[in-house]
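Here is how the chains run, residue by residue.
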Amino acid sequence: MDIRTLDDRLSVSAQVTPDELADLAARGVQHIICNRPDGEGADQPAYAEVQRAAEAAGIQAHYLPVVAGKVSDAEAREFGQLLDATEGPVHAYCRTGMRSTTLWALSRARSGLSPADIVRRGREAGYDMSSVVARVAGDGEGHGGLVLAEYDVVIVGAGAGGIACASSLLSRDKTLSVAIIDPADIHYYQPGWTFVGAGIFQPATTARTMASLIPRGADWIKAAVAAFDPLHNAVVLEGCRVIRYRRLVVAAGIKLDWDAIPGLAESLGRNGVTSNYRFDLAPYTWQLVQKLKGGRALFTQPPMPIKCAGAPQKAMYLSADYWLRQKCLQDIEVEFYNAGAVLFGVPDYVPALMDYVKRYDARLNFSHRLLRIDGDARRAVFEATDSDGAKREVEREFDMIHVVPPQTAPDFIRASALVDEAGWVDVDQTTLRHKRFDNIWALGDVMNAPNAKTAAAARMQAPIVANNLLVDSGRVTGVAHYNGYGSCPLTVERGKIVLAEFGYGGKLLPSMPAWLLDGRKPSRAAWFLKERLLPPIYWKAMLRGREWLAKPVIGEG
């Protein structure tokens, strides 16, 4: 843990993990303040987990969550009051430490610490507080003053879509000035987490440093976005810093809303409650699967949209396949609770999936939404809706439960002028250009096009956005069109996959001839593709701007 000292009582850092609390206690820390809302990152432990570990270490925990880049005067006052009300050393954390430092700077500026001292202490700790001081001097909370740089293209988000788009742009025109904004240090190959949860991949194979993946020729701005100002072609960063753009690409991903289900955040990682949707929990899934010899295993799926809509049932199939091979499946009740009304949204793939549902004797429960969970009691409560719309609560005890949380666009996206009524970036579904702001595009999970939210979809979208952005700038000709392609490799057993490939309206869009690979049937060829080929394609092709089977289709318009 990289601890930075701001004054004689307060230290700050990036995300604190539960196993680091004992070390903080040994350093004399008596209070810890979490300034990071739950659900910001795929590798982020919930506050409840940190709180439990803090209490066990004799540290009092406090929760003061602040949306990245949205530190308000009221939050700063509350932070200052909390510091003044406590005794002994205090440690605050967020994603990078920037929010905690900003809260400290604003609170201490109001209580008389000189601007020079704030900037000096912030710099010594590794944080630039000059914009915060300028904000205090201007006595306002707008983005006001400090413009850091201006680029031809600014990309918000360094996930699969953002990095792939930057690489596609620079492979077409190396003279572009391109910036990628993302505060994360680690980039994850999230499609691999299902295999981690089944003991097939090791967690480390799904993670690489962000610095190793940013394409050559692009600047990486390691910061969180606070707001968009599309009327002035500006992105406002945490600390009131401004980046200007000529054209903007939004690839900010999706937020996993763990707190939307009461009791879930407090239960994750213990008492049989797990999820392959979080990097640090996928290994726990595999531990639970290996340990379970009898009892009840529940698997849940929330209302759409979610990323990789097949992943909830993939966890069920791979777990049940292991239990079948271990000859204990007959002693385990496997139950799938889906908030939706069907097993899979494209009917062509359902017959093959139903064969495996029958093989594993899994009980399907449609129109069942997880309402709350009690990990200590190992009890889950669902809201069941019948065909007439009547609702009732269904309570089930479990020995293991794999939970997929509800999902939304990130908070700073939903608070922006870029979104539709549902909170997703509002784009034309064929060109991926914003419907109201002509110099903005979006791709990946954050946008509202009605395609499946998968890495395969982002792989197709990235070169389309790159092409269309360059068409708009007059550098190339011919608008590219997106057909809604998405792919979901449904792992129905170890060694076989139903490879679902489809576009808008559920139209089948196979990338290979049926004689080689019929995606409607489970096959070993699809498994080989998923296990051996797709990871290197992701790391070495997609993120490097090599568009194998992803060349944009140029049409008129």
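Conventions adopted
Counting starts from 1 at the beginning of each chain's written sequence and moves along it residue by residue. Per-residue local features of the predicted model are confined to residues with pLDDT of at least 70, and side-chain atom pairs are confined, for both listing and counting, to 80 or more; whole-chain, interface and lining totals are unaffected and use all residues. Side-chain metrics rest on all non-hydrogen atoms present in the structure, leaving aside hydrogens and water. Secondary structure is summarised from DSSP: a helix means a run of H or I of at least four residues, a strand means a run of E of at least two, and numbering begins at the N terminus for each. Our radius of gyration looks at C-alpha atoms and nothing else; its globule reference is 2.2 Å times the residue count to the power 0.38. Burial classes follow relative accessibility: with a 1.4 Å probe on protein chains only, a residue under 20% of its type's maximum area counts as buried, one over 50% as exposed, and anything between as partly exposed. Contact between two residues is taken to exist if any of their heavy atoms lie within 4.5 Å; hydrogens are not considered. Here the Shrake-Rupley method, with its probe set to 1.4 Å, supplies the accessible areas, and only the displayed protein chains count as covering residues. Charge convention: Lys and Arg are scored as positive, Asp and Glu as negative, and His as well as the terminal groups of each chain are ignored. Note on charges: their place is set at NZ of Lys, CZ of Arg, CG of Asp or CD of Glu. Salt bridge, as used here, is a side-chain nitrogen of Lys or Arg placed within 4 Å of a carboxyl oxygen of Asp or Glu. Axis geometry follows a simple rule: fit a line to the C-alpha atoms, using only the stretch in contact for helices, then measure angles between N-to-C directions, giving values from 0 to 180 degrees. Reported orientations rely on four angle classes, namely roughly parallel under 35 degrees, roughly antiparallel over 145, roughly perpendicular from 65 to 115, and oblique for the rest. A pair of Phe, Tyr and Trp rings is counted when the ring centres sit within 6.5 Å of each other, with Trp represented by its six-membered ring. The angle between the planes then sorts it: under 30 degrees is stacked, over 60 is edge-to-face, the rest tilted. In this scheme, Lys NZ or Arg CZ marks a charge over a ring once it lies within 6 Å of the ring centre and within 35 degrees of the ring normal. At least two DSSP bridges between two strands are needed for those strands to be called paired. The definition of a nonpolar core used throughout is a set of buried Ala, Val, Leu, Ile, Met, Phe, Trp, Tyr and Cys residues joined through side-chain atoms within 4.5 Å.

## A look at the overall build of the chain
The helix and strand tally for the chain stands at 15 helices and 28 strands. Expected size for 557 residues packed as a compact globule is a radius of gyration near 24 Å; at 24 Å, the chain falls within 12% of this value. The principal-axis extents of the C-alpha atoms in the chain amount to approximately 70 × 60 × 45 Å. Per-residue burial for the chain yields a buried fraction of 58% across its 557 residues. Pairs at least 24 residues apart make up 69% of the contacts formed inside the chain by residues separated by at least 6 positions. Here the chain displays about 22200 Å² of accessible surface, and carbon together with sulfur accounts for 50% of that area. Here the chain contributes 63 positively and 63 negatively charged side chains, and the mean placements of these two sets differ by 6 Å.

## Quick notes on the pattern of salt bridges
Per the stated rule, a full pass over the model turns up 38 salt bridges. One salt bridge connects Glu493 with Arg325, and the closest N-O pair in it is separated by 3.5 Å. Taken together, the residues Glu493 in strand 26 (residues 486–493) and Arg325 in helix 11 (residues 311–325) connect sequence positions 168 residues apart. According to the relative accessible area criterion, Glu493 is buried, its value standing at 8%. We note a salt bridge from Arg396 to Glu335, for which the minimum N-O separation is 2.4 Å. Of the two residues, Arg396 is situated in strand 21 (residues 391–397) and Glu335 in strand 17 (residues 332–338); the sequence distance between them amounts to 61 residues.

## What about the packing of helix 3 (residues 73–85) against helix 4 (residues 98–110)?
Between helix 3 and helix 4, the least distance of the axes is 8 Å, while the angle of their chain directions is 80°. On the basis of their axis angle, the class for helix 3 and helix 4 is roughly perpendicular. On the side of helix 3, the interface is formed by Asp73, Glu75, Ala76, Phe79, Gly80, Leu83 and Asp84, while helix 4 contributes Ser100, Leu103, Trp104, Leu106, Ser107, Arg108 and Arg110.

## Some remarks on the packing of aromatic side chains
If you walk through the whole model with that rule in mind, you get 17 aromatic pairs. Both rings, one in Trp193 and one in Phe279, keep their centres 6.0 Å apart while their planes meet at 55°; by these two values the pair is tilted. One end of the pair, Trp193, is in helix 8 (residues 193–196); the other, Phe279, is in the loop between strand 15 (273–274) and helix 10 (282–291), and 86 residues separate them in sequence. Residue classification places Trp193 among the buried residues on the basis of a relative accessible area of 2%. Measuring from ring centre to ring centre gives 4.1 Å for Tyr337 and Phe382, while their planes differ by 15°; the resulting arrangement is stacked. Note that Tyr337 is positioned in strand 17 and Phe382 in strand 20 (residues 379–385), a separation of 45 residues in sequence. With relative accessibility at 1%, the residue Tyr337 sits in the buried group. By relative accessible area, Phe382 is classed as buried at 0%. Ring-pair connections join several aromatic residues into one group, and the members of that group are Tyr188, Trp193 and Phe279. Positioned above the aromatic ring of Trp539 is the side chain of Arg208, whose terminal nitrogen or guanidinium carbon lies 4.4 Å from the ring centre. The lysine or arginine in question, Lys530, covers the ring of Phe195, its NZ or CZ lying 5.5 Å from the ring centre.

## With respect to the environment of Trp424
The residue Trp424 is located in the loop between helix 13 (411–414) and strand 24 (440–442) in this model. Setting aside residues up to four positions removed in sequence, Trp424 forms contacts with Ile254, Pro305, Gln407, Thr408, Ala409, Leu418, Val419, Asp445, Val446, Met447, Asn448 and Lys453.

## Brief notes about the sheet that holds strand 20
Spatial ordering of the open sheet is given by 19-20-21, a layout of three strands whose pairing is antiparallel. The strands lining the two open edges of the sheet, one partner per strand, are strand 19 (368–374) and strand 21. Each strand axis lies, on average, 25° off the axis of its neighbour in the sheet, ignoring direction. Looking at chain direction, strand 20 and strand 21 are connected through seven bridges and run antiparallel. Bridging across to strand 21, Thr385 finds its partner in Lys391.

## Some words on the sheet that holds strand 16 (residues 295–301)
Ordered by their spatial adjacency, five strands build an open sheet running 15-22-16-17-18, and the pairing between neighbours is parallel. Two strands in the sheet have a free side with no partner beyond their single neighbour: strand 15 and strand 18 (363–366).

## Looking at the nonpolar core
Judged by nonpolar contacts, the single largest core of 133 residues is most densely connected at Val154, Phe228, Val235, Val250, Trp323 and Ile413. In terms of residue count, the dominant contributor to this core is helix 14 (residues 455–472) (ten residues). Not counting chain neighbours up to four residues away, the residues in contact with Val235 comprise Val154, Val156, Ile181, Val225, Ala227, Phe228, Arg241, Val242, Ile243, Tyr245 and Leu248. With 26 residues, the next largest nonpolar core counts Leu6, Leu82, Leu106 and Ile118 among its residues.

## Observations concerning the side chain of Ser168
Residue position: Ser168 is located in helix 7 (residues 160–172). Judged by relative accessible area, Ser168 falls into the buried class, the value being 2%. If near-sequence neighbours (up to four positions away) are discounted, Ser168 is found in contact with Ala462, Pro463, Ala466, Gly545 and Glu547.

## Some remarks on the environment of Leu231
Counting through the fold element by element, Leu231 comes out in the loop between strand 11 (225–229) and strand 12 (234–237). Judged by relative accessible area, Leu231 falls into the exposed class, the value being 72%.

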